[in-house]
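Residues per chain are reported as follows:
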Amino acid sequence: LFYSTRITRDPAPLEIALREGKQLPPWYTRLIRLERGMLKGEAAANVELSEVRQGGYPSFVAYHQVGRLIFDQRPKDALAMIDAYKGTLSPDDAYFLRLDAYAALGWKPAVGLEIDSGLEAEMTPGRAIRFLAFLIRHPDRSRFLALERTLAKCVESAPQIGRAHV
């Protein structure tokens, strides 16, 4: 919902969700209102986007806020918010949001170093998908080849029963 409304810049689906989503949790309706306000250019929504939420909110709220800051070309604010949400964001969420912020800032050396160090960590299917998604958005042939080598090592070290399904 959030991604599609950002791309289309059409708040109508958000309006429908607010009108018909009577069973939605309060934190989610707050995010919908925030996203709608951002789409409509409301100053109050812009201020709220920059506020760090304390306790009682799922990590998705933090993830959404940081992602929205990056989408709105505010990567330095996003980096500060990643630090503020340390312990709220999962390590992987913080890592990939940081990569997106660095890329938005055009910090290619920092992106490269982050990817190189990230490929040394344990590779899970979720991390592999997120690396691929990042490299689709921000192509880098050498980093893609490094990811390919990392994934090949994972397949080689997989137990025999798992290799039949890879």
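This text follows the structure it describes.
Now for a description of the structure that goes with this document.

Basis of the calculations
Residues numbered from 1 in each chain as written. Predicted model: local features only at pLDDT ≥ 70, side-chain atom pairs only at ≥ 80, totals over all residues. Heavy atoms only, no water. Helix = DSSP H or I, 4+ residues; strand = E, 2+ residues; numbered from the N terminus. Buried < 20%, exposed > 50% of the residue type's maximum accessible area, 1.4 Å probe, protein only. Contact = heavy atoms within 4.5 Å. Areas by Shrake-Rupley, 256 points an atom, 1.4 Å probe, with all protein chains shown as cover. Lys, Arg positive; Asp, Glu negative; His and termini not counted. Charge placed at Lys NZ, Arg CZ, Asp CG, Glu CD. Core = buried A, V, L, I, M, F, W, Y, C linked by side-chain atoms within 4.5 Å. Expected span 1.5 Å × (residues − 1).

1. Section: the overall build of the protein chain
When helices and strands are tallied, the protein chain shows 11 helices and zero strands. Ordering the α and β elements of the protein chain from the N terminus gives α-α-α-α-α-α-α-α-α-α-α. With respect to the three principal axes, the spread of C-alpha positions in the protein chain is 50 × 35 × 30 Å. Counting only residues that meet the buried cut, the protein chain has 39% of its 166 residues in that class. In the protein chain, of all internal contacts separated by at least 6 residues, the share reaching a separation of at least 24 is 53%. Here the protein chain has roughly 9,900 Å² of accessible surface; of this, 57% comes from carbon and sulfur atoms. Both charge centroids of the protein chain, one from 23 positive and one from 20 negative side chains, sit 2 Å from each other.

2. Some points on the environment of arginine 143
Looking at where arginine 143 falls in the secondary structure, it is placed in helix α10 (residues 141–156). Here the alpha-carbon distance between arginine 143 and glycine 112, two residues 31 residues apart in the chain, equals 7.4 Å. With near-sequence residues (within four places) excluded, arginine 143 lies in contact with Gly112, Leu113, Ile115, Asp116, Leu119 and Leu135.

3. Here we look at unusual backbone geometry
Residue arginine 9 is not a glycine yet carries a positive backbone phi of 60 degrees. Relative to the helices and strands, arginine 9 is located in the loop between α1 (2–8) and α2 (12–20). Judged by its relative accessible area of 52%, arginine 9 is exposed. Phi is positive for glutamine 73, close to 60 degrees, though the residue is something other than glycine. Of note, glutamine 73 is situated in the loop between α5 (59–71) and α6 (75–84).

4. Considering the nonpolar core
Soluble globular proteins tend to pack their nonpolar side chains together in the buried interior. If you look at the biggest cluster of nonpolar residues, it comprises 40 residues, and the most contacted ones within it are Val66, Ile115 and Phe131. With seven residues, helix α7 (residues 91–105) is the single largest residue contributor to this core. Residue contacts for phenylalanine 131: discarding those within four places in its chain leaves Tyr95, Phe96, Ile115, Gly118, Leu119, Met123 and Leu147.

5. With respect to helix α3 (residues 26–40)
Taking 1.5 Å per residue, 15 residues should reach 21 Å; α3 reaches 21 Å between its end C-alpha atoms and fits that length. Here α3 has its buried residues at Tyr28, Thr29, Leu31, Ile32, Leu34, Glu35, Arg36, Gly37, Met38 and Leu39. Looking at the packing, one finds that the buried side of α3 touches α1, α2, α4 (43–49) and α5. A positive backbone phi angle near 75 degrees is found at glycine 41, which sits one or two residues after α3.

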